[in-house]
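Listed below are the residues making up each chain.
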Amino acid sequence: MTANRAARGSRFRGLPWNRVTGSERVQGCDPGSGAIAARRAPGTELDEYRFGPFTFNPVSQALTRDGSAVPLGSRATDILSLLLRSPGKLCSNEEILAHAWPATFVDQSNLRVHVSAIRKALGETRGQPGYIVNSPGRGYRFVGAVRPATLPPPGPAPGSADGIIGRRDAIAAIAGLIPGRMVTVVGPGGIGKTTVVRAVIAALEARSRVLWIDFAELSSGTLLRSSLATALGLPSNDPDNLETLVAALTGQDSILVLDSCEHVVDDVAALVEMLRERVPLLTIIATSREPLRVATERLFRLPPLDLPPPDIAPETVAPTSAMQLFAERAAAQVGDMDLSGERARLVAEICQRLDGIPLAIELAAARLESVSLGELSASLTEGFRLLTHGRRAAVPRHRTLRATLDWSYDALTAEQQRALQHLSVLRGWFSFATACGVLSDLSDDVLHELVSKSLLVADRQTARTRYRLLEMTRHYGAEKLADAGRFDVAMRGLTEFLIGALEAAEAVRPFAGNAPHLAELLPNLRIALAWCRTLDPARGVALTVASVPLFLSLSLLHECLTHVCWGTAFLDDHPGLDERSRMQLHATRVWPQMRSACRPEEDVTAAHTALSLAKELGDVDYQLRALWALWVDAVNRSRPLQALRLAEDFRARAETSPDPVNQVVGLRLVGATLHWLGRFTESQDHLRRMLTGYAALASPASAIRFQFDQRVSAQVMVTRNLWIMGEESAALDLLDDTIRRASDAGHDLSLANYLAEAACLVALLSGRLELSEQLIAQLRRQARGLALTVWEHYADCFEAVLHLHREEPARCLELMSRSVAALDTAGSTLFHTYFRSVQAQALCALGRGPEALRELDEAQASCAASGERWCLAELLRVRSRVLLAGGRTDARARCAELLRSAIDAATADGALAWERRARADLAQLIDPAD
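Below is a short write-up of the structure. (Residues numbered from 1 in each chain as written. Predicted model: local features only at pLDDT ≥ 70, side-chain atom pairs only at ≥ 80, totals over all residues. Heavy atoms only, no water.)

**Describing the overall build of the protein**
Spelled out, the test is: Comment: elements are numbered from the N terminus, with helices defined as DSSP H or I runs of at least four residues and strands as E runs of at least two. Whether two residues touch is decided by their heavy atoms; if any such pair falls within 4.5 Å, the residues are in contact. Here the open area of atoms and residues is found with the Shrake-Rupley method and a 1.4 Å probe, where only the protein chains shown may cover a residue.
Looking only at helices and strands, the protein has 40 helices and 15 strands in total. Summarising the internal contacts of the protein: among those between residues at least 6 apart in sequence, 67% fall at separations of at least 24. Of the roughly 37300 Å² that the protein leaves accessible, carbon and sulfur atoms contribute 52%.

Dropping the structure here:
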């Protein structure tokens, strides 16, 4: 390294490159982040945005629907404006907060409130997403089809972009930097730096002399001046004659392009500083995999081509530039390619795996000469076979991806090479702390050098800088790591880091899981768990225990259950090895029990095992967890008296716990149980006290131990109580609000629970059939997404009720009978009394009165045995209807008696809704003309 470069580099050590003194940031382009695209070129901001029946004017901040004004607050308007500016792009929570509340600290709950206001203004109801989609813990994206009201005026093209897909904005942005005289276009190998600069230069050649020097073939920096002399038409045998070079560059408008500088970057930097000093009017454009770090250098980090958002079906949006490039290059092998349907999905998948790198996409498309599109996609999931497939006509460093990466790897120091190797075990985005986990002596200088050399992507748009290896770089590094025989060392380090990070997060503040820096651990957690199972099962158990809160908070129940079952099986086979972990995993084993539809008894056994171990170890926290699991089982089996005993036991033990959350959860368990016992007023009192206490807690997040968001869980019974107590309108308002809040919070499990136990039932009881249909469909989607088959069966039962409302008794009976039988097998009879009343009505409508009465007999007998009473009055009312339909001579008197009993029961319970139904039937019975 030259003395000047060493001096320059020392100023920046330990600093992120987007803060380098002497380098000017491109507006909208972070020099340290290869993933940030250039800002839209001037003059292309849309005057108005149209989507569906709506029009939004960003200047007047006015939102209209079919020409009529739609009221929207100023903060909500700011948020909508930001989302519309980049439709389909994920806007992070931090980015939105900074835009809507500049220079102000606000909690993210404020953001959820205003997004809810936008959704309401746009007519999204009952939690059904339409225009705005939430990415839990990360941010929001506008997914509606946006079209300009007026097309932006075409601006002058600052260079020929013809035939260059997806680079018009980049070309415009680089051209806009050229008046600064020193521009470096930086990016990883194969991203298209040279191609883009050629397009920029094409528009300048007419008025400027362009000198293009390709340093790729130079073996030494000592040949730089000789190459410059040759480009100037000077004798190259006297390159040290600086005056000759300076004179040749002076007095004429010249642009000097220095291509592929990375392997001689120190010498290029020295040459550029000399030329900038001696020929100040000379314009210099460089391409490199790392910045030159010279005074007045302006950096443009060339981003990858646009990719379809990973959470949106690619066939539903216009093909991105990466997909377009693939299709164009594939045409040479297979003819024109239509990007629709399954083909669009496969192309999108290929482009995403190749990170939008043009060279990688072109090489992949070339393989269609010998493989199908599906085979090509599959080959990329198995590792980079593409690394060795190349093009004869390309320059040597671009003939294969391996050659491109060899070019960069060989220029690294031994320390940097070792860092790249170890980082290759990491998937997705990771923090500096995670990187240190796989390489304990990693310095931030080394990490920054890898970013600078375009081998590592840095994202500084979030509160903490995060990093990512491009897929092709990661596979390359993994090969090098395997060759060095250090894969297990790196994985062991990653495992220990993850255990420590997850345990620390739970100890400091039990997490709700949506914190991005914790959710980011998930890809690497999966890799570490798979490695531990084979090579270090004891540490795998520790990692499984530590990871449970994260899995649960992200509603990944099926995945959590898989790991927990493995852990309990391992520890049961090694008794005495780690009884605390065994207790913890057995307690967890029952948490996702609602999805265990085929072996419910195993879940109960696991809960009893956990309770026994917790008592032996004197662990109050895990005694409460086990009691909660047993309470859930008792409620699911329609055993409210047993459930009340367990809830009271929970409350008593919670009094000895230092965590106030436990007392609040105890109130909820008792309140919920009282509902099933028909004690609605008492239930509502407990639940309101619980919600007040929960709101007052400084840190209620530890309640994630009990699987659900406790506020949402409480609203399940509050909603049901409101309806049964005659406050239908309040119940429906709360239903709408709770679904919206649960959706915005991104806790899928709590949302599904609310839909299954409150929303669908209340909508059906209220006769809101259209709403019911929407909620049932939403429940079905949630249940399938969470692999919770029990809740899918509930969705089927609610759909059967819809058939009854639509006077389709045969369809109702067939679906209800099948679904109730499946719920019986799963040990979940939560709504069986109500479902039996529906079956009885369907049987009665089909003329099968005796069978209908048998259903009701069984339902009432079950209530008498278990203490269940929440819909007893309704059972009596339905029985009166079945008897009346039977046509017996004494039926009217018997029906009147039953209805009066129903009224008495409902009055005693405070169940005004059931009472009104029974009184209406009685009035009709007494005076059929009414």
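**Regarding the packing of aromatic side chains**
Condition: Centres within 6.5 Å make a pair out of two Phe, Tyr or Trp rings, where for Trp the six-membered ring is used; the pair is then stacked when the planes are under 30 degrees apart, edge-to-face when over 60, and tilted otherwise. Only protein chains enter the accessibility calculation, which uses a 1.4 Å probe; a residue whose area is less than 20% of its type maximum is buried, one above 50% is exposed, and one in between is partly exposed. Over a ring means this: the NZ of a Lys or the CZ of an Arg is within 6 Å of the ring centre and within 35 degrees of the ring normal.
On inspection of all chains with the given rule, the structure shows 20 aromatic pairs. Ring geometry for Phe51 against Tyr131: centres 5.2 Å apart, planes inclined by 75°, an arrangement best described as edge-to-face. One end of the pair, Phe51, is in strand β1 (residues 49–51); the other, Tyr131, is in the loop between α4 (108–121) and β6 (132–135), with 80 residues separating them in the sequence. Grouping residues by exposure puts Phe51 and Tyr131 together as buried. Here Phe831 and Trp870 contribute two aromatic rings whose centre-to-centre distance is 6.3 Å and whose plane-to-plane angle is 70°, an arrangement assigned as edge-to-face. With Phe831 in the loop between α35 (809–826) and α36 (832–845) and Trp870 in the loop between α37 (849–866) and α38 (872–886), the pair connects residues that are 39 residues apart, well separated along the chain. An identical accessibility class is assigned to Phe831 and Trp870; each is buried. Members of the aromatic cluster, joined through ring pairs, are Trp676, Trp723, Tyr794, Phe798, Phe831, Tyr834, Phe835, Trp870 and Trp914. Looking at Arg198, its charged tip hangs above the ring of Trp212, at a distance of 4.1 Å from the centre. Over the ring of Trp429 we find Arg468; its NZ or CZ atom is 5.4 Å from the centre of that ring.

**Side note on the sheet that holds strand β13 (residues 298–301)**
The strands that make up a sheet pair up through hydrogen bonds in the backbone, lying either parallel or antiparallel. For the record, the criterion: Two strands are counted as paired when DSSP detects at least two bridges linking them. Here an angle of 0 to 180 degrees is reported between the N-to-C directions of two axes, which are lines fitted to C-alpha atoms, with helices fitted over the stretch in contact.
The sheet built from five strands is open, its strands ordered β10-β11-β12-β9-β13 with parallel pairing. In this open sheet, the two edge strands, each paired with only one partner strand, are β10 (209–214) and β13. This sheet shows a mean twist of 15° between the axes of neighbouring strands, independent of strand direction. In this sheet, strand β12 (residues 283–288) lies alongside strand β9 (residues 182–186) in parallel orientation, the contact comprising five bridges. Across the sheet, residue Val186 finds its bridge partner in β12, namely Ser288. Of the strands in this sheet, β9 and β13 are in contact with helix α5 (residues 168–177), which crosses β13 at around 175°.

**Regarding α36**
Our working rule: A helix is expected to reach a length of 1.5 Å times the quantity of its residues less one.
Between the first and last C-alpha of α36 there are 20 Å, a value that for 14 residues agrees with the 20 Å anticipated at 1.5 Å per step. By the burial criterion, the buried members of α36 are His832, Thr833, Tyr834, Phe835, Arg836, Ser837, Val838, Gln839, Ala840, Ala842 and Leu843. Contact partners of the buried residues in α36: α32 (748–765), α34 (789–805), α35, α37 and α38. Following α36 by one or two positions, Gly847 adopts a phi angle in the positive range, close to 80°.

**Some points on unusual backbone geometry**
Here Arg293, not a glycine, exhibits a phi torsion of approximately 60°, which is positive. For Arg293, a relative accessible area of 8% puts it in the buried group. Here the phi dihedral of Glu807 falls at roughly 60°; this positive angle occurs in a residue that is not glycine. Among the residues examined, Glu807 registers a relative accessible area of 71% and is labelled exposed.

**Section: the environment of Leu856**
For Leu856, the position within the fold is in helix α37. Separated by 19 residues in the primary sequence, Leu856 and Ser837 place their C-alpha atoms 6.4 Å from one another. Not counting the four nearest positions on each side in its chain, Leu856 is found in contact with Ser837, Ala840, Leu875, Val878, Arg879 and Val882.

**Focus on the nonpolar core**
Counted only if it meets this: To form a nonpolar core, buried Ala, Val, Leu, Ile, Met, Phe, Trp, Tyr and Cys residues must be joined to one another through side-chain atoms within 4.5 Å.
Ranked by size, the top nonpolar core spans 187 residues in total, and within it Leu423, Trp631, Trp791, Phe798, Phe835, Trp870 and Trp914 carry the most contacts. The residues touching Leu423, leaving out its near neighbours within four places in the chain, are Phe430, Ala435, Val438, Leu447, Leu450, Leu456 and Leu469. One finds Val185, Ile191, Val197 and Ile357 within the second-largest nonpolar core, a separate group that totals 54 residues.

**Considering the pattern of salt bridges**
Short version of the rule: What makes a salt bridge here is a side-chain nitrogen of Lys or Arg within 4 Å of a carboxyl oxygen of Asp or Glu, nothing more.
If you walk through the whole model with that rule in mind, you get 43 salt bridges. A salt bridge links Asp355 to Arg468, with the nearest nitrogen and oxygen atoms 2.7 Å apart. A residue pair is termed long-range when its members are at least 10 positions apart, and Asp355 in the loop between α11 (341–353) and α12 (358–366) and Arg468 in strand β15 (residues 466–468) qualify at 113 residues. Exposure remark for Asp355: the relative accessible area of 7% places this residue in the buried category. In this structure, Arg625 engages Asp621 in a salt bridge whose closest nitrogen and oxygen atoms are separated by 3.0 Å. Taken together, the residues span about one helical turn, with Arg625 and Asp621 both in helix α26 (residues 620–636) at a distance of four residues. The class for Arg625 is buried, based on a relative accessible area of 7%. Here the residues in one salt-bridge network are Glu874, Arg877, Arg881, Arg917 and Asp921, joined through shared partners.

**Notes on the sheet that holds β6**
Reading across the sheet, the three strands line up as β5-β7-β6 and stay open at both edges, with antiparallel pairing between neighbours. This sheet does not close on itself; its edge strands, each paired only once, are β5 (91–92) and β6. When β5 meets strand β7 (residues 139–142), the two strands line up antiparallel, connected through two bridges. If you follow Cys91 over to β7, its bridge partner there is Tyr140.

**Comments concerning the pairing of β12**
Defined as follows: If you view a crossover with the strands going away from you and the path from the first strand over the helix to the second runs clockwise, you call it right-handed.
When you tally the buried positions in β12, you get six out of six residues, the bulk of the element. Burial along β12 is two-sided: Thr283, Ile285 and Thr287 facing one way and Ile284, Ala286 and Ser288 facing the other are all buried. Two strands pair when backbone bridges link them, and strand β11 (residues 254–259) and β12 are joined in this way by four bridges, in the parallel orientation. Counterpart to Leu256 in the pairing with β12 is Ile284. Handedness of the crossover joining β11 and β12 through helix α9 (residues 265–278) is recorded here as right-handed.

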